[in-house]
Structure formats: structure tokens, C-alpha cells
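So the chains spell out like this:
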Amino acid sequence: MADLDKAAATQLANISKRTGKSLEELTTIVKGSGLAKHGEIVAMLKTKLGMGHGDANMLAHVVRASDGPGKAKDLSADQVLDALYAGPKAGLRPIHDKLLVAMGKFGDFEQAPRKTYVSYRRRKQFAMIGPATNTRVEVGLNAKGLKATDRLQELPAGQMCNYKVKLTDARDVDAELIAWIKAAFTQSGA
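Please read these numbers as outputs of a predicted model, since none were measured by experiment.

Asks: Tell me about the packing of helix 3 (residues 38-49) against helix 4 (residues 53-63), and name the residues and values.
Replies: Between helix 3 and helix 4, the least distance of the axes is 9 Å, while the angle of their chain directions is 130°. Viewed along their axes, helix 3 and helix 4 adopt a mutual orientation that is oblique. Where helix 3 crosses over helix 4, the two elements pack in a sense that is right-handed. From helix 3, His38, Ile41, Val42, Leu45 and Lys46 reach across to helix 4, where they touch His53, Ala56, Asn57, Leu59, Ala60 and His61. The residue makeup of the contact of helix 3 with helix 4, split by class, is six nonpolar, four polar and one charged.

In C-alpha cells:
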């Protein structure tokens, strides 16, 4: 987790450089906005300061003094998965499990549990996986050069991932999807 803390500190320093404002000045802007909800703060930062989603999300968490960018504090990845796939989402857990089995064949990577998904990273994040609804799991991919299809949706710039794939059944975890995840894994560096 020390690497994640270092990455967060680096991201905050980069936010200051990109905006030309110190963390204290940015905190004043957020608190002075009168906004309380996380999503409203993120939207304001994106609109007012032209921040990308990841930077706005990080800054909103820091200013609101939450656990960080969605961290499921003090929970293991298995505990997070148990919570993510509880109740009406329980039937989606086999999709996530099948993805993990396939990804385990790629090599070493870190699992960073969040409140609504799990981030998978090497030197940088290559995938994020979690239930988007009671009937669908979404796989976000950080990769370059993939050809978008009806299934592999390219996302607008500034999102947390470059691509998204929606899954409703464990059979959706096929060779095509695994190849896309492997490409993101490979590009994320060792």
C-alpha cells in the first residue's frame, strides 16, 4: 500500500502543477463552492478548473477527508468482493472470479480494493472490475491502441479508463476479452 500512498502524493503534486494552485488554494475553492456531495464537487472541478475525472475525483476525496479515492479501508480484496457481490449482485461474482483466474496467468499484479470495484495494477492501473448494476459487471481497461467495437467501448478522454466492457454472464469472459485485458496488463509495465 505504500506504493499507492506514494502514487496519491504524486497525483496531488501533479494536480497542483497542472492547475497552478497549491493544495490549500484548491481546498479553499472546493470548500468555498458550498457543494457537499462528492459527485457535485467532481463536476465543479472538471468544469471550473478543466480537470480530468481522475484528478477531480482524487481532490474531492482529499478535501472531503474521506478514506481516499474510494478505498475500502482495512478490507482484503476477498472481503471487498464479498461485499460487492452481496444480495442481488451475488449472481455476478462468478464473472469476477473467472476474470481473476484468467488474469492470474499473466503474472504478478496488485489488487487495490475500492468501495465499488477493485483496481488491478502493476506500475499503473491496467483494469478495474466491479458490478455496475444488479445485472452487469463492468471491466474498465487502461490501454492504448485497441480497436473499439460494439463490445469494447472507447471512453471519452478524462475518464478513469480508456475502454469499458459490459458483462452479464461468466460466458462473456472469453478469449477476446482476456486478450484485451492482457494488452492492458502488458502496457502497464512491470
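There's plenty left to go through after this.
Asks: Describe the packing of aromatic side chains, listing the residues and the values that go with them.
Replies: Under the defined criterion, the tally for this structure stands at five aromatic pairs. Ring geometry for Phe109 against Phe185: centres 6.4 Å apart, planes inclined by 85°, an arrangement best described as edge-to-face. Placement of Phe109 in the loop between helix 6 (93-103) and strand 1 (110-113) and of Phe185 in helix 7 (residues 175-187) is noted, with a sequence separation of 76 residues between them. An aromatic cluster is present here, built from Phe106, Phe109, Tyr120, Phe126 and Phe185 joined pairwise through their rings. Its end group placed over the ring of Phe185, Arg122 keeps NZ or CZ at 4.0 Å from the ring centre.

Asks: An account of the packing of helix 6 against helix 7 is requested, with residue identities and associated values reported.
Replies: Where helix 6 meets helix 7, the closest approach of the two axes is 11 Å, and the angle between their N-to-C directions is 60°. Here helix 6 is positioned oblique relative to helix 7, judged by the angle of their axes. The two elements helix 6 and helix 7 meet at a crossing, and its hand is right-handed. Two secondary-structure elements touch here, helix 6 through Leu99, Ala102 and Met103 and helix 7 through Leu177, Ile178 and Ile181. Of the residues assigned to the contact of helix 6 with helix 7, the class counts are six nonpolar, no polar and no charged.

Asks: I'd like to hear about the side chain of Arg121, residue by residue, with values.
Replies: Looking at the secondary structure, you find Arg121 in strand 2 (residues 118-121). Buried within the structure, Arg121 lacks any salt-bridge partner; its nearest side chain of opposite charge belongs to Glu110, at an N-O separation of 4.7 Å.

Asks: Could you give an account of the side chain of His96, naming the residues involved and the relevant values?
Replies: Residue placement: His96 occurs in helix 6. In this structure His96 comes out as buried when scored by relative accessible area, which is 0%.

Asks: So what's going on with the pattern of salt bridges? Which residues, and what values?
Replies: In the structure shown here, the tally under the stated rule is seven salt bridges. Residue Glu138 is joined to Arg136 by a salt bridge in which the shortest nitrogen-to-oxygen separation is 2.9 Å. Look at Glu138 and you get buried, because its relative accessible area is 18%. Notably, a salt bridge pairs Arg151 with Glu176, separated by 2.8 Å at the nearest N-O pair.

Asks: Requested: an account of the sheet that holds strand 5 (residues 153-154), with residues and values cited.
Replies: Taken in spatial order, the six strands make up an open sheet running 1-2-3-4-6-5, and their pairing is antiparallel. Each having just a single partner strand, strand 1 and strand 5 make up the two edges of the open sheet. As paired elements, strand 2 and strand 3 (residues 125-131) share four bridges and run antiparallel to each other. Paired with Tyr120 across the two strands is Ala127, which belongs to strand 3. Across the face of the sheet, helix 6 comes into contact with strand 1, strand 2, strand 3, strand 4 (137-141) and strand 6 (163-167) while running at roughly 160° to strand 3. In the packing of helix 7 onto the sheet, the strands contacted are strand 3, strand 4 and strand 6, and the crossing angle to strand 4 comes to about 40°.

About the criteria used
- Residues numbered from 1 in each chain as written.
- Predicted model: local features only at pLDDT ≥ 70, side-chain atom pairs only at ≥ 80, totals over all residues.
- Heavy atoms only, no water.
- Axes fitted to C-alpha atoms, helices over the stretch in contact; angles between N-to-C directions.
- Helix = DSSP H or I, 4+ residues; strand = E, 2+ residues; numbered from the N terminus.
- Parallel < 35°, antiparallel > 145°, perpendicular 65-115°, else oblique.
- Left-handed = near helix turned anticlockwise from the far one by under 90°.
- Contact = heavy atoms within 4.5 Å.
- Nonpolar A, V, L, I, M, F, W, Y, C, P; charged D, E, K, R; others polar.
- Phe/Tyr/Trp six-rings, centres within 6.5 Å; stacked < 30°, edge-to-face > 60°.
- Lys NZ or Arg CZ within 6 Å of the ring centre and 35° of its normal.
- Buried < 20%, exposed > 50% of the residue type's maximum accessible area, 1.4 Å probe, protein only.
- Lys, Arg positive; Asp, Glu negative; His and termini not counted.
- Salt bridge = Lys/Arg side-chain N within 4 Å of Asp/Glu carboxyl O.
- Pairing = 2+ DSSP bridges.

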